[in-house]
Amino acid sequence: MKRRLPWGAMARMTGRRALAAVPVLLAVTFAVFAVAAASPFDPVKAYAGTAGLTASQENLDQLRANLGADQPLLTRWWEWLTAAVTGDLGDSSVMRRPVAEVITERLGWSVLLAVSAFLIAILLGTLLGVLAGRRRGGLVDRAVSSAAYTLEAAPAFWLGLLAIWFFALELGVLPAGGLTDTASDTVTADQVARHLVLPALVLGISQLPWFFLYVRQGVGDALDEDPVRGARARGLSRRTVLTGHALRSGMLPMLTLVGSRVPELITGALLVETVFSWPGIAAATVQAATSVDFPLLAALTVLATGAVLLGNLLSDLLYGLADPRVGFDG
C-alpha cells in the first residue's frame, strides 16, 4: 500500500519556520545597519567619489541628508524596514539604481550557478560515496577519500584559478569567464551553457567532499547493520541489498547537509563568481560592503539569511519524507 504524503504536517512545519524566521530576519537587518553605523567608512564620501575631495562641507552635508546618513540608527533601520515590507528596497548609492532592480537582474545568474553546482556535488558525492562505502578500505575508497580530504582544504578561488589555467589557457576547450563570448552582443543558451561549465564544476567540486564523506560513512555503517546482513544471508544479491537497504539508510545523514552547506555554498559562489567574472550578486555584495551601501547591503544580507533558513527547512522536510519515524510535528 502506498504511503500518503503528510502534506498537512509539512505545511504546519513550514508555517512554524516562517513565523520563527521573522525575528531572525529583523535581528539580521538591524545588525547590518548597526555594523554599518559603527564602520569607519563614510558612505557620503564613498558615494561622492573623487568629487567629494573638493566639495564644500555644505554640499557634503546636503548629500548626507539626501542619503539619510544624518539620521539616527533606529530611524534609518525602521524607515528601510517599513519600505521593504511594501516592496520598496530603496536605492543603491553605489549602483545609482533601485536595489530591487540590481538584485533582480543578478539573482537569476547566481541561482543558476548555485543550483548547477549543488546538483553536481550531490550526484557525484553520492555516486563516489556509494562506491567507496560498499568496500571501505579498498583501493577506490582510499583513492577517493584522499582526494576528498585534499579538496576539503583547497579554497574555491584556488580551484577556480587552476581550472582556468588548465582548461582555458592550456587546453583552450572552455572559456575563462564571463557569461557570453567576447565578440557576442546577445546572450544565447549555448554560450551560457559553455561559460557555466567551469564555474559550476569548480563550485560543485568544492562542496563535493562533505556529501561524499557522509554518504560513504552512512552506506558503510548500513552495510554492517544486522537487517542488511540478514538480507544478504537470505540470498539477496549485493546490488539489491545495496540499493534497497543500505543506500536508503546511508542517504539519511546526507540529507541534513542540504541545509548546513548553504552558507558555504553562498560563500563559495561569491568567490567563484569573482574569479570567473560571472554576473551574479558577488560584485554587488563586495561593492555594497566596501561602500557602506545600507539598502543594498541589508537586502543582500536578508537574501542570504533567507536562503540559509530555506535550506534548513528543506533538509528537515526531506529527512521527514525519507524517514517517517522522524515526523514533522516534533
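Residues numbered from 1 in each chain as written. Predicted model: local features only at pLDDT ≥ 70, side-chain atom pairs only at ≥ 80, totals over all residues. Heavy atoms only, no water.

## Points about the pattern of salt bridges
- As enumerated under the stated definition, the model contains 3 salt bridges in all.
- Between Glu 101 and Arg 97 there is a salt bridge; the shortest N-O distance is 2.9 Å.
- Judged by relative accessible area, which is 40%, Glu 101 ranks as partly exposed.
- The class of Arg 97 is partly exposed, set by a relative accessible area of 26%.
- With its nearest N and O atoms 2.9 Å apart, the salt bridge here joins Arg 97 to Glu 105. (Salt bridge = Lys/Arg side-chain N within 4 Å of Asp/Glu carboxyl O. Buried < 20%, exposed > 50% of the residue type's maximum accessible area, 1.4 Å probe, protein only.)

## What to know about helix 12 (residues 262-275)
- Helix length check: helix 12 (14 residues) gives 20 Å between terminal C-alpha atoms against 20 Å at 1.5 Å per residue, within 8%.
- If you check which residues of helix 12 are buried, you get Val 262, Leu 265, Gly 268, Ala 269, Val 272 and Glu 273. With its buried residues spanning 135° around the axis, helix 12 presents them on a single face.
- Ser 277 lies just past helix 12 and shows a positive phi near 55°. (Helix = DSSP H or I, 4+ residues; strand = E, 2+ residues; numbered from the N terminus. Expected span 1.5 Å × (residues − 1). Arc of directions from axis to C-beta.)

## Side note on the packing of helix 7 (residues 156-170) against helix 8 (residues 189-223)
- Relative to each other, helix 7 and helix 8 sit at 140°, their axes nearing to 9 Å. Viewed along their axes, helix 7 and helix 8 adopt a mutual orientation that is oblique. Here the hand of the crossing between helix 7 and helix 8 comes out right-handed. Here helix 7 contributes Ala 156, Leu 159, Gly 160, Ala 163 and Phe 167 to the contact with helix 8, which in turn contributes Leu 198, Val 202 and Ser 206. (Axes fitted to C-alpha atoms, helices over the stretch in contact; angles between N-to-C directions. Parallel < 35°, antiparallel > 145°, perpendicular 65-115°, else oblique. Left-handed = near helix turned anticlockwise from the far one by under 90°. Contact = heavy atoms within 4.5 Å.)

## Some words on the confidence of the model for the chain
- Averaged over every residue, the pLDDT of the chain is 78; residues scoring 70 or more account for 77%.
- Within the chain, no element has a lower average pLDDT than helix 2 (residues 43-48), which sits at 64, and none a higher one than helix 7, at 89. (pLDDT = per-residue confidence, 0-100.)

## Overview of a nonpolar patch on the surface
- Residues Phe 157, Trp 158, Leu 161, Leu 162, Trp 165, Phe 166, Phe 167, Leu 169, Leu 171, Val 173 and Leu 271 make up a contiguous nonpolar surface patch of about 1,100 Å² in total accessible area.
- Top element by residues in the nonpolar patch is helix 7. It accounts for 8 residues. (Patch = residues over 30% accessible without salt bridge, like charges linked within 9 Å, V, L, I, M, F, W, Y side chains within 5 Å. Areas by Shrake-Rupley, 256 points an atom, 1.4 Å probe, with all protein chains shown as cover.)

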